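As a plain string of letters, each chain reads:
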Amino acid sequence: SDPSEEIEIHAPGTPQAPTGLTYVSSGGTVTLRWTASAGGYLATGYLIEAGSAPGLSDLARVQVGDVTRFSTPAPPGVYYVRVRGTNATGLS
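Figured I'd write up the structure that's included with this text. This one's a predicted model, so the numbers in the text were calculated from it and none came from an experiment. (Residues numbered from 1 in each chain as written. Predicted model: local features only at pLDDT ≥ 70, side-chain atom pairs only at ≥ 80, totals over all residues. Heavy atoms only, no water.)

1. Description of the nonpolar core
Alright, step 1. Counting residues in each nonpolar core, the largest one holds eight residues, listed as Val-30, Leu-32, Trp-34, Ala-43, Tyr-46, Ile-48, Val-64 and Val-83.
Alright, step 2. Broken down by secondary-structure element, the contributors of at least two residues to this core are β2 (29–35) and β3 (45–51).
Alright, step 3. At three residues, β2 tops the list of elements feeding residues into this core. (Core = buried A, V, L, I, M, F, W, Y, C linked by side-chain atoms within 4.5 Å. Buried < 20%, exposed > 50% of the residue type's maximum accessible area, 1.4 Å probe, protein only. Helix = DSSP H or I, 4+ residues; strand = E, 2+ residues; numbered from the N terminus.)

Right, dumping it as structure tokens:
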């Protein structure tokens, strides 16, 4: 047959990191909000990591779906939180 039209296929890559992480604390509940990963490969979910010091995730690692808001009870204290985009290839 005649040659078909050329197409490019790219293997999926990791998503870009979400931006604009903010929080509101009220009545023992903390609500986190962030802006979804933009451009590049899409995030299919997010991983929230909370630590007792910068760079640690010793307090919590919570996988959430394709959402940009998460609420949870939290006792008073200082937390270092990061949100990472995830997909089948890996983390942002």
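Alright, that's what it looks like, and here's the rest.
2. A short note on the sheet that holds strand β1 (residues 19–26)
Alright, step 1. In spatial order, the strands read β1-β2-β5; together these three strands make up an open sheet with antiparallel pairing. Taken across any chain shown, the strands that pair with only one partner, and hence form the sheet edges, are β1 and β5 (69–73). When the angles between neighbouring strand axes are averaged without regard to direction, this sheet yields 15°.
Alright, step 2. Relative to β5, β2 runs antiparallel, the two being bridged by five bridges. Bridging across to β5, Arg-33 finds its partner in Arg-69. (Pairing = 2+ DSSP bridges. Axes fitted to C-alpha atoms, helices over the stretch in contact; angles between N-to-C directions.)

3. Some words on the pattern of salt bridges
Alright, step 1. If you walk through the whole model with that rule in mind, you get three salt bridges.
Alright, step 2. Between Arg-82 and Glu-49 there is a salt bridge, with the nearest N and O atoms lying 2.5 Å from each other. With a gap of 33 residues between them, Arg-82 in strand β6 (residues 80–87) and Glu-49 in strand β3 connect regions that are remote in the sequence.
Alright, step 3. Here Glu-49 falls in the buried class, since its relative accessible area comes to 2%.
Alright, step 4. Within the structure, one salt-bridge network assembled from shared partners comprises Glu-49, Arg-61, Arg-82 and Arg-84. (Salt bridge = Lys/Arg side-chain N within 4 Å of Asp/Glu carboxyl O.)

4. Some thoughts on the sheet that holds β6
Alright, step 1. The four strands lie next to each other as β4-β3-β6-β7, forming an open sheet whose pairing is antiparallel. Of all the strands in the sheet, just β4 (60–64) and β7 (90–91) have a single pairing partner and so form its edges.
Alright, step 2. As paired elements, β6 and β7 share two bridges and run antiparallel to each other. When the bridges of β7 are listed, Thr-86 appears paired with Leu-91.

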